Amino acid sequence: MTIRSIVILTGAGISAESGVPTFRGPDGLWEGHRVEDVATPQAFRRDPVLVQRFYDARRAALRNVMPNAAHLALARLDAEWPGELLLVTQNVDDLHERAGSRRLLHMHGELNSALCAACGAATPWTGDLGDHPPCPRCAAPRLRPDIVWFGEMPYHMDRIGDAIAACDLFVSIGTSGAVYPAAGFVEWARDAGASTLELNLDPSAGTPMFDEARHGPATQLVPAWVEMMLRARSY
Ligand code: APR
């Protein structure tokens, strides 16, 4: 089958080798924090200081990490792939854009963005939010992390749905397949008749759904897959 249109989904595993912690598993973020304490609208209402501190620390930590070979390989694919391509990331770090990816959607928000709870404006933001800075648009001191918390609607779902419906190949990289709707994308892709490929350190919850799964570190699997795609125009 000729591959023209590719949709790639990434999760925390692609940034693990850059030093950004994943969520689940031994050193995962959700081992040190309860999701319901920091990643829900209720948590933010109950203890905004704790939630802002959690995200301020993660935002500050981005300054000490760099894109790895997997991010760079996907940026190369974006630049050189002649057909349609969409990179959908669940990650809130900025490593894909720093590597050079352009056709990119952050479905779970971005650490480097602040969302005003008063006027709804999203503003690029690299500093802390815990000290109640005013919204640059409306001046209300009600900025929150521009992160899609549990119970909130992921971003860009229409564009993602359209791209998956039209893709020939769906590739999932570094995600445990534990969180919907992203965990269901492989089924949407199969329904659309696309081939499906998983690249992940370990078998994930979704592995049986994929036509093919390759297991190992993203910094090895992703550059090798990209090289193959660009050489053969096929996965
Ligand atoms: N290379 C490839 N995969 C890796 C690597 C690596 N070096 N290290 C870890 N992984 C894999 C793990 O095996 C695991 O399957 O990455 C996956 C990470 O899973 P999670 O920690 O669950 O992260 P993710 O799937 O992105 O989580 C989804 O959950 O809490 C929410 O909003 C948060 O976007 C996040 C969502």
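Check the entry above for the structure.
Residues numbered from 1 in each chain as written. Predicted model: local features only at pLDDT ≥ 70, side-chain atom pairs only at ≥ 80, totals over all residues. Heavy atoms only, no water.

Caption draft 1: Examining helix α6 (residues 69-80) more closely. The end-to-end C-alpha distance of α6, which contains 12 residues, comes to 16 Å, matching closely the 16 Å that a straight helix rising 1.5 Å per residue would cover. Where the residues of α6 are buried, they touch β1 (6-10), α1 (13-16), β2 (85-89), α7 (95-99), β7 (169-173) and α10 (218-232). Where α6 starts, the residue carrying a side-chain oxygen 2.7 Å from the main-chain nitrogen of A70 turns out to be N68. (Helix = DSSP H or I, 4+ residues; strand = E, 2+ residues; numbered from the N terminus. Expected span 1.5 Å × (residues − 1). Contact = heavy atoms within 4.5 Å. Polar contact = N/O pair within 3.5 Å; in protein donor to acceptor, adjacent residues only side chain to side chain.)

Caption draft 2: Structural context of unusual backbone geometry. The residue after Y180, namely P181, is reached through a cis peptide bond having omega 10 degrees. With respect to the secondary-structure elements, P181 resides in the loop between β7 and α9 (185-191). Within the chain, H132 stands out as a residue other than glycine whose phi angle is a positive 55 degrees. The topology assignment puts H132 in the loop between β5 (122-124) and β6 (143-147). A positive phi angle, near 60 degrees, is found at H156, a position not held by glycine. Mapped onto the secondary structure, H156 falls in the loop between β6 and α8 (157-165).

Caption draft 3: Geometry of empty space enclosed by the protein. Under the counting rule described, the total for this entry stands at 1 cavity of 30 Å³ or more. Lining of the largest cavity is provided by 13 residues; of these, S172, G177, A183, V186 and F210 occupy positions nearest its centre. Mapped onto the lining of the largest cavity, the elements with two or more residues apiece are β7 and α9. Here the lining of the largest cavity is composed, by residue class, of 7 nonpolar, 5 polar and 1 charged. (1 Å grid on protein atoms, 1.4 Å probe; cavity = no way out; pocket = protein on both sides within 12 Å on 5 of 7 lines; lining within 4 Å. Points joined across faces, edges and corners; volume = space filled by probe spheres on them. Nonpolar A, V, L, I, M, F, W, Y, C, P; charged D, E, K, R; others polar.)

Caption draft 4: Quick look at the layout of surface pockets. Space inside the largest pocket adds up to approximately 860 Å³. Lining of the largest pocket is provided by 45 residues; of these, A12, T22, F23, R24 and S176 occupy positions nearest its centre. Elements supplying a minimum of two residues to the lining of the largest pocket: α1, α5 (48-61) and β8 (195-200). Within the lining of the largest pocket, the residues separate by chemical class into 24 nonpolar, 15 polar and 6 charged. In terms of domain composition, the lining of the largest pocket takes at least three residues from each of domain 1 (1-20 + 67-108 + 154-235) and domain 2 (21-64 + 110-147). (Domains from an automatic or database assignment.)

Caption draft 5: The sheet that holds strand β9 (residues 212-215), seen in detail. Read across the open sheet, the 6 strands follow the order β3-β2-β1-β7-β8-β9; overall the sheet is parallel. Among the strands making up the open sheet, the edge pair consists of β3 (104-106) and β9. Neighbour-to-neighbour, the strand axes of the sheet open up by a mean angle of 15 degrees, direction not taken into account. Examined bridge by bridge, β1 and β7 share 5 bridges and lie parallel to one another. Paired with V7 across the strands is F170, a residue of β7. (Pairing = 2+ DSSP bridges. Axes fitted to C-alpha atoms, helices over the stretch in contact; angles between N-to-C directions.)

Caption draft 6: Quick peek at the packing of α6 against α10. Between α6 and α10, the least distance of the axes is 7 Å, while the angle of their chain directions is 15 degrees. Classed by the angle they form, the pair α6 and α10 counts as roughly parallel. Between α6 and α10 lies a crossing whose hand is left-handed. Residue-level inspection shows A69, A70, A73, L74, R76, L77 and E80 of α6 in contact with α10, the latter providing A218, T219, V222, P223, W225, V226, E227, M229 and L230. The residue makeup of the contact of α6 with α10, split by class, is 12 nonpolar, 1 polar and 3 charged. (Parallel < 35°, antiparallel > 145°, perpendicular 65-115°, else oblique. Left-handed = near helix turned anticlockwise from the far one by under 90°.)

Caption draft 7: Spotlight on the environment of G206. With respect to the helices and strands, G206 occurs in the loop between β8 and β9. Through-space distance from the C-alpha of G206 to that of L62 is 29 Å; in sequence the pair is 144 residues apart.

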